[in-house]
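Inside the fold
One letter stands for each residue in the lines below.
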Amino acid sequence: MNTNSMNPKVDRRDGKLTMAHFYVAFIALAIGGLAGLLQTLVRSGKFQLPTWTGYYQILTLHGVVLGLVLTTFFIMGFQLALVSKTSGTFTRKQRLTGWIGFWTMTIGTIMTAIMILTNQASVLYTFYAPLQAHALFYLGLTLVIIGSWIDGAAIIMAYTSWRKANPGKPSPLLTFMSLVNTLMWIVATIGVAATVLFQLLPWSLGLVDRVDVLVSRTLFWYFGHPLVYFWLLPAYMAWYAIVPKIIGGKIFSDSLARMSFILFLLFSIPVGFHHQLMEPGIDPAWKFLQVILTFLVVIPSLMTAFSLFATFEMYGRSKGSTGLFGWVKKLPWGDARFAVPFIGMLAFIPAGAGGIINASNQLNQVVHNTIWVTGHFHLTLATSVVLTFFGISYWLVPHLTGRVLTKAMNKLAIIQGVVWAIGMTFMSGAMHAAGLLGAPRRSSFSTYGGSEQAAEWIPYQIAQAVGGTILFLGIILMLYIFVNLAFFAPKGEEEFPVGEVADQAEKTPMVFENWKLWLGITVLLILFAYTIPFIDMIQNAPIGSKGYKFF
Amino acid sequence: MAQPEIGKKTHTKVEDQPSLKGTLASVFLLGFFLIVTWLGVFFLFVDRF
């Protein structure tokens, strides 16, 4: 990696911008986590919500606040810090752009939250039509997305000025990765912006009566799948380029890391149909094509797994380990900055396996719309990604606030990671099992008229409540650590770890910076995968559906 | 498609690295886990439908 332009420390003014994003993210964690706890308690059948709220309202709150708000704010804040650290302090204009983005997102979040809390938008986090929310809910979400584009613009501006100042050189790896994720996000969010602006908003305002459900769902999933990679890639940034430094090793290969990010840009968007495999109205041939493209996204994840194993083994062997797995013992298990993201990496093995199952047409028939899927994304997002984000916070928050992660906090952070792992094993494990037995997702407790099959699910639902309770303890610990690191930890200098590439690694080729090429292929793949089925949907459109408000 | 990539990278390393045997074993175990879970749900499908 080019380290010439690297800041020893993130500039205080840029640090404030990132911390602003983090405050919102961790407030979201508190609110969304509480909602999640209540959901698992309700589904156990042993607990009833007070009459002024309902299961679907807290489900929407949980999903929107954690799936959209926590993630987008954390990721944008993290990426801004990465760029400021590796490509140099933001200019005034770039920083101002970041602040405009932050406030746009925050205003949008407040609007959306008010609509959910006043029970005018209990449309679940996927806000599928024909469930109809108040127009301000959609408008709020639009502002969150527009704000994230403005944040993204700051990243693009910083990247462009770095390239101008360093002609012919590959950009710093972490800046490159942040840019890829930003570009993917911008291309992907065009889909959700289109359905909100052209379908859901006019329909919720009463300007049109009916909405084409299939078109809206297709546009949603055009966005919805790359959304999960938008969550995952920042975790990969830490795994590829930060964790090696924390353990004292080297990045296995800069080129391999860039290559895998480019593959994510290319293949994570034209794959939305694998969320719609059970949906009528889409020709199976197009579903098949998108499933093939989905399996191509498996490749960069396998590359990541390989690269991480290799980084760990090379480090262990350099410390004198022998045998096939002797290197495992040499890893710094007492360092929360490593151990907590490592639990996330480990969780990604069953998470990835589940993902491959979900994307396979026949297997999808077994698990579709069951709580297996909920179990799946609580391993991917709520363990792999979130634990890595926590692991990042343990050094980034004190770095930005001029404090240090004390030994006691480090210990507590490891306990936090272990508590999370235990809670999630119960909750997600039980969700997977109940899903295979047919338990539906997105639904409140019910015995389904005393059905025998539904009775089988109840023990698993109780296990979910146990897991959910343990996870909530994990959230309380995390919030305690965050507040400590932001306001109370002793003053000092916490390192911002940025990995260096192994000496034997090949030189990075410049082709990775050719955005005309990569964005060109991205657009071509999207057009190839979506144009004809989309024309089919519009030409054979039904009259559309009126809106429903069950809340 | 992934195989040539991975194979090539390992080769370059092997020249001046003591060993990446543990990595090889790990990715095989990972692959094995993916296949077993996939087949598990596949047989469930065959059984039910």
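Here is what the cut-offs are and how they apply
For every chain, the first residue of the written sequence is number 1, and numbering continues from 1 onward in sequence order. Chain letters and ligand numbers both follow the written order, the letters beginning at A and the numbers at 1. Two thresholds apply to this predicted model, a pLDDT of at least 70 for residue-level local features and 80 or more for giving and counting side-chain atom pairs, whereas whole-chain, interface and lining totals are computed over all residues. Calculation of side-chain values draws on the structure's entire complement of heavy atoms; hydrogens and water are dropped beforehand. UniProt positions are given in the numbering used here, feature names are shortened, and annotations may be inferred rather than shown by experiment. Numbering of helices and strands runs from the N terminus, with a helix taken as a DSSP run of H or I at least four residues long and a strand as a DSSP run of E at least two residues long. Buried, partly exposed and exposed residues are distinguished by accessible area as a fraction of the type maximum, computed with a 1.4 Å probe on protein chains only: under 20%, between the cut-offs, and over 50%, respectively. Note on contacts: a residue pair qualifies if any of its non-hydrogen atoms lie within 4.5 Å across the two residues. Here, a salt bridge means any side-chain nitrogen of Lys or Arg that lies within 4 Å of a carboxyl oxygen of Asp or Glu. Polar contacts, as counted here, are pairs of nitrogen or oxygen atoms within 3.5 Å of one another; within protein the pair requires one atom able to donate a hydrogen and one able to accept it, and residues that are adjacent in sequence qualify only if both atoms are side-chain atoms. Think of it as three bins: nonpolar holds Ala, Val, Leu, Ile, Met, Phe, Trp, Tyr, Cys and Pro, charged holds Asp, Glu, Lys and Arg, and polar takes everything else, Gly as well. Definition of nonpolar core: a set of buried residues of the types Ala, Val, Leu, Ile, Met, Phe, Trp, Tyr and Cys, connected through side-chain atoms within 4.5 Å. Exposure above 30% relative accessible area and no salt bridge define the residues that can form patches, which grow by joining like charges within 9 Å and nonpolar side chains of Val, Leu, Ile, Met, Phe, Trp and Tyr within 5 Å. To measure how exposed things are, a 1.4 Å probe is used in the Shrake-Rupley method; for residues, cover is taken only from the protein chains shown. Every axis corresponds to a line fitted to the C-alpha atoms, with the helix fit spanning only the stretch in contact, and the corresponding angles, defined between N-to-C directions, vary from 0 to 180 degrees. Orientation categories follow fixed angle ranges, with anything under 35 degrees roughly parallel, anything over 145 roughly antiparallel, 65 to 115 roughly perpendicular, and all other angles oblique. Two helices that cross are described as forming a left-handed crossing if the nearer one is turned anticlockwise from the farther one by less than a right angle, and a right-handed crossing if clockwise. Think of it this way: a Phe, Tyr or Trp ring, Trp meaning its six-membered ring, pairs with another when their centres are within 6.5 Å, and the plane angle makes it stacked under 30 degrees, edge-to-face over 60, tilted otherwise. A ring is considered to have a charge above it if a Lys NZ or an Arg CZ atom is located within 6 Å of its centre and within 35 degrees of its normal.

The name given to chain B in an unreviewed UniProt entry is Cytochrome c oxidase subunit 2A, with the source organism recorded as Mesobacillus stamsii.

An unreviewed UniProt entry annotates chain A as Cytochrome C originating from Mesobacillus subterraneus. Regarding chain A, the relevant UniProt record gives this comment under Subcellular location (unreviewed entry): "Membrane". You can read under Sequence similarities (unreviewed entry) in the UniProt record for chain A the words "Belongs to the heme-copper respiratory oxidase family."

Focus on the environment of A:G147
Residues and elements named next belong to chain A. Residue position: G147 is located in helix α4 (residues 135-165). A residue is classified by how much of its surface remains accessible, and G147, at 0% relative accessible area, is buried. Each C-alpha atom of the pair G147 and I458 lies 42 Å from the other, and the pair is 311 residues apart in sequence. Apart from residues lying up to four places away in sequence, G147 is in contact with G101, T104 and M105.

Details of the pattern of salt bridges
Residues and elements named next belong to chain A. What the rule picks out here adds up to eleven salt bridges over all chains. A salt bridge links D11 to R13; its shortest N-O distance comes to 2.9 Å. On the basis of relative accessibility, which here comes to 46%, the residue R13 falls in the partly exposed class. In this structure, K250 and D503 form a salt bridge, with 3.8 Å as the shortest nitrogen-oxygen distance. In this pair, K250 is assigned in the loop between α6 (213-247) and α7 (254-267) and D503 in the loop between α14 (452-488) and α15 (515-539), connecting sequence segments 253 residues apart. Residue classification places D503 among the exposed residues on the basis of a relative accessible area of 69%. One network of salt bridges, in which partners are shared, links R163, D254, R258 and E513.

Regarding the UniProt feature "domain: Cytochrome oxidase subunit I profile" (unreviewed entry) in chain A
According to UniProt, the "domain: Cytochrome oxidase subunit I profile" (unreviewed entry) feature falls on residues 16-487 of chain A. Counted over residues 16-487 of chain A, helix gives 78% and strand 0%. Its end C-alpha atoms are 13 Å apart.

Focus on the interface of chain A and chain B
Taken together, the contact pairs 34 residues of chain A with 31 residues of chain B. Counting across the interface, chain A meets chain B through zero salt bridges. The interface formed by chain A and chain B includes seven residue pairs in polar contact (both at pLDDT 80 or more). When residues of the side of chain A that touches chain B are traced back to their parent elements, those giving at least two are α7, α8 (284-318), α10 (336-359) and α11 (361-367) of chain A. Ranked by residue count, the leading element in the side of chain A that touches chain B is α8(A), at ten residues. Taken together, the residues of the side of chain A that touches chain B sort by class into 25 nonpolar, six polar and three charged.

A short note on the UniProt feature "transmembrane region" (unreviewed entry) in chain B
The UniProt entry lists residues 24-46 of chain B under the feature "transmembrane region" (unreviewed entry), expressed in the numbering used here. Here residues 24-46 of chain B runs as 100% helix and 0% strand, with 33 Å between its end C-alpha atoms.

Some thoughts on the nonpolar core
Counting 184 residues, the largest nonpolar core has A:F78, A:F127, A:F137, A:F312, A:F390, A:Y394 and A:W515 as the members making the most contacts within it. Looking at this core element by element, the count peaks at 24 residues for α6(A). Of all hydrophobic cores here, the second largest spans eight residues; its members include A:I357, A:L363, A:V373 and B:V41.

Examining a nonpolar patch on the surface
Together, A:L324, A:F325, A:V328, A:W333 and B:L29 give the surface a local cluster of nonpolar side chains, amounting to about 430 Å² of exposed area. Turning to its location among the elements, A:V328 is positioned in helix α9 (residues 327-330).

Concerning the side chain of A:S428
Residue and element names in this part refer to chain A. Tracing the backbone shows S428 in helix α13 (residues 407-436). Given the relative accessible area of 1%, S428 is considered buried. Discounting chain neighbours no more than four positions away, the residues touching S428 are G375 and L379.

Describing the packing of α6(A) against α15(A)
All names here are of chain A. Where α6 contacts α15, the two axes come as close as 10 Å, and the packing angle between them is 165°. What the angle tells us is that α6 and α15 run roughly antiparallel. Crossing angle aside, the handedness with which α6 passes α15 is left-handed. Here L214, V215, T218, L219, W221 and Y222 of α6 come into contact with α15, specifically with I526, Y530, F534, M537 and I538. Looking at the contact of α6 with α15 residue by residue, the class counts come to ten nonpolar, one polar and no charged.

So, the packing of aromatic side chains
Residue and element names in this part refer to chain A. Counted under the stated rule, the structure contains 49 aromatic pairs over all chains. Members of the aromatic cluster, joined through ring pairs, are F22, Y23, F26, F74, F78, F389, F390, W420, F482, F487 and F488. Above the ring of Y128, the side-chain terminus of R217 is found at 4.1 Å from the ring centroid. Above the face of the F176 ring, R258 is positioned so that its terminal group lies 4.8 Å from the ring centre.

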